[in-house]
Amino acid sequence: MFTTLASQVSGKPLPLGEAVATALMGYGVVFLGILLLVCVVVIVSKIMAAGKRKAAEPTTPAPDRDAPLQKLISTAPKAPGSAGELKLYDTDPKTAAMLMAIVADKMGKPINELRFKSIREVK
Amino acid sequence: MDVLKTLEGLWQDSGFGNFFAEGGWKYIVMILVACVLLYLGIKKKFEPLLLVGIAFGCLLANLPGAGLYHPELWDEFLREGGEFYHSYGHILTHGGLLDILYIGVKSGVYPCLIFIGVGAMTDFGPLIANPKTFFLGAAAQFGVFFAFFGAILLGFTGNQAAAIGIIGGADGPTAILTSTLLAPELLGAIAIAAYSYMALIPMIQPPIMKLLTTEKERSVKMEQLREVSKTEKIVFPIVVAAFVILLLPSTAPLIGSLMFGNLLKETGVTERLSDTAQNALMNIVTLFLGISVGATTVASRFLNPQTLYIILLGLIAFCFSTVGGLLIGKLMYKLSGGKINPLIGSAGVSAVPMAARVSQMVGQKANPSNFLLMHAMGPNVAGVIGSAIAAGFLIKVFG
């Protein structure tokens, strides 16, 4: 024990054996807590994914008078370079265009050979 | 009127006079320590938001005669059976400015408010996308328990060893809350060690990372993480808070505050509150926390061999936490057939986002096209939860 006033010392000395047991138990408790937490997070994620799939399942379609038009649109050839729809989250189109140009430049590839799925600002 | 006697009285009452009184040299040493900390905070940018406050609090508390902080009042506050045991009224009546600000530390309010801000600034997305990385956050608590044992070997009591060990969690508010509850007499040294080493992570971790991993392991490129839905992000803090607090109720102040802050961020309907938690609240509390923690470094309490041991044990705790994270990272590398880069294990030591940046930096040195930052953010935020669980366990055992 160090030479300090008794009022300034919190707690009591701990025997070495007890200290080892406490350290091992503590590390074990952290792992056990995390393990259970992982299980909970995985279960919740799976439930939500299942819910999402269920919601996305097609319901019996009602007769649609615009169906022929929709079919025509979906089979129409895409404009050159349109590899898919780009989703923007908290990003304005001007910034997105600039970012895509920078990425293409850094990669040394023409922009129409790259496919951007989404752009999101990392806060 | 005796002019000489009057002048002598003025001299003896002045702070300058106290420097030449018995033990006055300790104040001079502490003022120099404060200046070194100010230099590290301002010039070297070592966690300046907190270190500058801590250093200035240290300076103010060690100006003899200023009467801003009275450790003897806090001794009375802690003396069981004494007249002023747990009497905040006594502190408010007789304390100085820093005593009054210190009430927020003593009551555990400041660390929890900081945690609300931390929660509001944290994105748990990478962790939800890859929950396996939770284990890296747990593994990196190895240093906490290693340093705990080391402190016992050096003659510290159980409470003191627990407070010192938590430095290895690399989480300032957790270290402050734990030492306030378990060993308030060591608070100043523990806070300074914790924040200094957090700032030194880019220097402490890379040599250990290179020593424990091969070039091939460091070069591993990890697959892109899946996109996490908004609903998952909203449900996460609610589920984690409820589950962890039910499992270990002593973690309630830290985990509750952290997850509340995160919920404010993720709901999308409390933007003003989230903004306040991230900025105004965080800044105000950081200001009070820094200066009042610094005030506890009073010369008569701080200048002893214990402080040197705490600084040494803090370094050991940080190193072994890094080792723990890396070793489990290597195990995951093997088990995943080389798909997980073990470098993200070192980010499990909390210190958000510094430790994750170090993983990114070392990984990119091995393979310039490697982007580990988002992958390392998972263990990094898991480390915050892991260190809160470790602190909750130690508070439960020794509190």
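Residues take numbers from 1 onward in each chain, read along the sequence in its written order. Written order determines the labels here, with chains lettered from A and ligands numbered from 1. Note on the predicted model: pLDDT of at least 70 is required for a residue's local features to be given, and 80 or more for side-chain atom pairs to be given and counted; whole-chain, interface and lining totals, by contrast, use all residues. Excluding hydrogens and water, the side-chain figures rest on all heavy atoms present in the structure.

Peer 1: So what's going on with the overall build of chain A? Which residues, and what values?
Peer 2: Note on conventions: DSSP H or I runs of at least 4 residues are helices, E runs of at least 2 residues are strands, and numbering of each starts at the N terminus. Secondary structure summary: chain A contains three helices and two strands in total. Along chain A, helices and strands appear, N-terminal first, in the series α-α-β-α-β. Only protein chains enter the accessibility calculation, which uses a 1.4 Å probe; a residue whose area is less than 20% of its type maximum is buried, one above 50% is exposed, and one in between is partly exposed. A buried classification covers 20% of the 123 residues belonging to chain A. When checking whether two residues touch, look at their non-hydrogen atoms; a contact exists if any pair is within 4.5 Å. Across chain A, contacts joining residues at least 24 apart in sequence account for 57% of those joining residues at least 6 apart. Reported accessibility uses the Shrake-Rupley method at a 1.4 Å probe radius. Residues are deemed covered only where the shown protein chains occlude them. Counting only carbon and sulfur atoms, one obtains 64% of the accessible surface of chain A, whose full area is about 9,600 Å².

Peer 1: I'd like a description of a nonpolar patch on the surface, backed by residues and values.
Peer 2: Patch definition: residues with relative accessible area over 30% and no salt bridge; like charges joined within 9 Å; nonpolar side chains (Val, Leu, Ile, Met, Phe, Trp, Tyr) joined within 5 Å. A side-chain nitrogen of Lys or Arg and a carboxyl oxygen of Asp or Glu constitute a salt bridge if their distance falls within 4 Å. A surface patch of nonpolar side chains, about 320 Å² in accessible area, is lined by L32(A), L35(A), L36(A) and L247(B). For the nonpolar patch, the element with the highest residue contribution is helix α1 (residues 16–56) of chain A, accounting for three residues. Within the fold, L35(A) resides in helix α1.

Peer 1: Outline the domain arrangement of chain A, listing residues and values.
Peer 2: The domain boundaries assigned to chain A delineate domain 1 (16–56) and domain 2 (81–120). On a C-alpha basis, the centroid separation for the pair domain 1 of chain A and domain 2 of chain A is 38 Å. Domain limits in this description derive from either an automatic procedure or a database domain assignment.

Peer 1: Lay out the interface of chain A and chain B with the relevant residues and their values.
Peer 2: Where interface size is given, it is often the accessible area lost as the parts come together that is meant. Taken together, the contact pairs 38 residues of chain A with 50 residues of chain B. For the chain A and chain B pair, buried surface summed over both sides reaches about 3,700 Å², with 78% attributable to carbon and sulfur atoms. At the surface where chain A touches chain B, the tally comes to zero salt bridges. Those elements that provide at least two residues to the side of chain A that touches chain B are α1 and β2 (118–120) of chain A. Ranked by residues supplied to the side of chain A that touches chain B, first place goes to α1(A) with 24 residues. Residue composition of the side of chain A that touches chain B, by class: 25 nonpolar, ten polar and three charged. Buried surface area refers to the total accessible area, computed with a probe of radius 1.4 Å, that the two partners give up upon joining, counted for both partners together. Note that Gly is not counted as nonpolar here; it falls among the polar residues with everything else outside the nonpolar set of Ala, Val, Leu, Ile, Met, Phe, Trp, Tyr, Cys and Pro and the charged set of Asp, Glu, Lys and Arg.

Peer 1: Before we move on, can you summarise the environment of T322(B) with the specific residues and values?
Peer 2: All names here are of chain B. Here T322 lies in helix α21 (residues 305–335). Accessibility expressed as a relative area gives 1% for T322, which makes it buried. In the structure, T322 is positioned 118 residues away from I204 in sequence and 9.1 Å away in space, judged by C-alpha atoms. Setting aside residues no more than four positions away along its own chain, T322 makes contact with Q205, I208, S346 and V349. Polar contact is the term for a pair of N or O atoms within 3.5 Å; when the atoms are in protein, one must be able to donate a hydrogen and the other to accept it, and sequence-neighboring residues count only if both atoms are side-chain atoms. Polar contacts involving the side chain of T322 include one to the side chain of Q205, which spans 3.1 Å.

Peer 1: Could you give an account of the packing of helix α8 (residues 109–121) of chain B against helix α13 (residues 172–182) of chain B, with specific residues and numbers?
Peer 2: Residues and elements named next belong to chain B. Here α8 crosses α13 at 160°, and the two axes come no closer than 9 Å. Here α8 lies roughly antiparallel to α13, going by the angle between them. With respect to the hand of their crossing, α8 and α13 are arranged in left-handed fashion. Between α8 and α13, the residues in contact are P111, I114 and F115 and P173, T174, I176 and L177, respectively. Axis geometry follows a simple rule: fit a line to the C-alpha atoms, using only the stretch in contact for helices, then measure angles between N-to-C directions, giving values from 0 to 180 degrees. Reported orientations rely on four angle classes, namely roughly parallel under 35 degrees, roughly antiparallel over 145, roughly perpendicular from 65 to 115, and oblique for the rest. Should the near helix be turned anticlockwise from the far one by less than a right angle, the crossing is left-handed, and should it be turned clockwise, the crossing is right-handed.

Peer 1: Describe the side chain of Q205(B), listing the residues and the values that go with them.
Peer 2: Topologically, Q205(B) is positioned in helix α15 (residues 201–212). Setting aside chain neighbours within four positions, we find Q205(B) in contact with T322(B), S346(B), V349(B), A355(B) and V358(B).

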